[in-house]
Amino acid sequence: MPAVCVSIGSNLGDRSANLRFAIEKIRKLADGRINVSSVYESEAWGYHSDNPFYNVAAIFESETDPESLLDRLQNIEREAGSGSHRDKEGNYTDRILDIDIIFIGDKVINGRRLTVPHPRMTERDFVLVPVSELSPEWRHPLTGLTVTEMLRQIK
């Protein structure tokens, strides 16, 4: 079973409670077996916001096909009350909950709805720092870099 890594972020409402909600829902998808990083606070990425994010990474095993997994994670976001992550102009917006699939083992997926590994993970310390806590030696299947090496490149 491949290890799935997700990044979970929240910058609206009770950020801690939002993260706990997502983790518990994902724990059910993972039959209770999930590893979760410490919480990291970060500024919004790609847009200005006065609301900083709380971010965690979570790793779990799943045999669910990637598109179905994406659907389940998006359902968790909606269940938490999170709307679209973009405004009508296509810009990022604040959100109650944002869950992104970062990697699924060493799979490479370039679909219409899903790209794995996450295409912007190498630019985001708020993703790489929590992931490095859980899986510092995971290697990006396209670049061959470990999470630790990617993190060094953006610091």
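Residues numbered from 1 in each chain as written. Predicted model: local features only at pLDDT ≥ 70, side-chain atom pairs only at ≥ 80, totals over all residues. Heavy atoms only, no water.

Going by the annotation in an unreviewed UniProt entry, the name recorded for the protein is 2-amino-4-hydroxy-6-hydroxymethyldihydropteridine pyrophosphokinase, with Candidatus Limisoma faecipullorum given as the source organism. Entered under Pathway (unreviewed entry) in the UniProt record, the comment concerning the protein runs "Cofactor biosynthesis; tetrahydrofolate biosynthesis; 2-amino-4-hydroxy-6-hydroxymethyl-7,8-dihydropteridine diphosphate from 7,8-dihydroneopterin triphosphate: step 4/4." UniProt's Function (unreviewed entry) comment on the protein is quoted here verbatim: "Catalyzes the transfer of pyrophosphate from adenosine triphosphate (ATP) to 6-hydroxymethyl-7,8-dihydropterin, an enzymatic step in folate biosynthesis pathway." (UniProt positions renumbered as here; feature names shortened; annotations may be inferred.)

Digging into the confidence of the model for the protein
Per-residue confidence for the protein gives a mean pLDDT of 92, with 94% of residues at or over 70. Of all helices and strands in the protein, the one with the weakest mean pLDDT is helix H4 (residues 147–154) (94), whereas strand S2 (residues 35–36) scores best (98). (pLDDT = per-residue confidence, 0-100. Helix = DSSP H or I, 4+ residues; strand = E, 2+ residues; numbered from the N terminus.)

Description of the nonpolar core
Ranked by internal contacts, the top residues of the largest apolar core, which has 23 residues, are Val 6, Ile 8, Ile 26, Phe 60, Leu 73, Ile 99 and Ile 101. When residues of this core are traced back to their parent elements, those giving at least two are strand S1 (3–10), helix H1 (15–29), strand S4 (53–61), helix H2 (66–79) and strand S5 (98–104). In contact with Ile 8, other than residues within four places in its own chain, are Leu 19, Ala 22, Ile 23, Ile 26, Tyr 54, Asn 55, Val 56, Ala 58, Leu 97, Asp 98 and Ile 99. Listed in part, the 15 residues of the second largest apolar core include Phe 103, Leu 128, Val 131 and Met 150. (Core = buried A, V, L, I, M, F, W, Y, C linked by side-chain atoms within 4.5 Å. Buried < 20%, exposed > 50% of the residue type's maximum accessible area, 1.4 Å probe, protein only. Contact = heavy atoms within 4.5 Å.)

Remarks on the pattern of salt bridges
Within the structure shown, the criterion is met by seven salt bridges. Linking Glu 67 and Arg 113 is a salt bridge whose minimum nitrogen-to-oxygen distance equals 2.8 Å. Taken together, the residues Glu 67 in helix H2 and Arg 113 in the loop between strand S6 (109–110) and strand S7 (115–116) connect sequence positions 46 residues apart. On the basis of relative accessible area, Glu 67 is assigned to the partly exposed category, the value being 31%. (Salt bridge = Lys/Arg side-chain N within 4 Å of Asp/Glu carboxyl O.)

Observations regarding the pairing of S5
Of all seven residues that make up S5, six are buried, and the element is covered over most of its length. Sheet analysis places S1 next to S5, joined by six bridges and oriented antiparallel. Within S5, the position partnered with Val 4 by the bridge is Ile 104. (Pairing = 2+ DSSP bridges.)

Some details on H2
Taking 1.5 Å per residue as the helical rise, H2 with its 14 residues ought to reach 20 Å, and the 20 Å between its terminal C-alpha atoms agrees with that figure. Turning to H2, the residues buried within the fold contact S1, H1, S4, S5 and S6. Following H2 by one or two positions, Gly 81 has its phi on the positive side, about 100°. (Expected span 1.5 Å × (residues − 1).)

A look at the environment of Arg 33
By secondary structure assignment, the location of Arg 33 is in the loop between H1 and S2. In this structure Arg 33 comes out as exposed when scored by relative accessible area, which is 51%.

Overview of the packing of aromatic side chains
Applying the stated rule across the entire model yields one aromatic pair. Between Phe 103 and Trp 138 the ring centres are 4.1 Å apart and the planes differ by 5°, which places this aromatic pair in the stacked class. Highlighted residues: Phe 103 in strand S5 and Trp 138 in the loop between helix H3 (125–134) and H4, separated in sequence by 35 residues. Classification of Phe 103 by relative accessible area gives buried; the value is 2%. Residue Trp 138 is classed as buried on the basis of its relative accessible area of 11%. Here the guanidinium or amino end of Arg 124 rests over the ring plane of Trp 45, the centre of that ring lying 4.1 Å away. (Phe/Tyr/Trp six-rings, centres within 6.5 Å; stacked < 30°, edge-to-face > 60°. Lys NZ or Arg CZ within 6 Å of the ring centre and 35° of its normal.)

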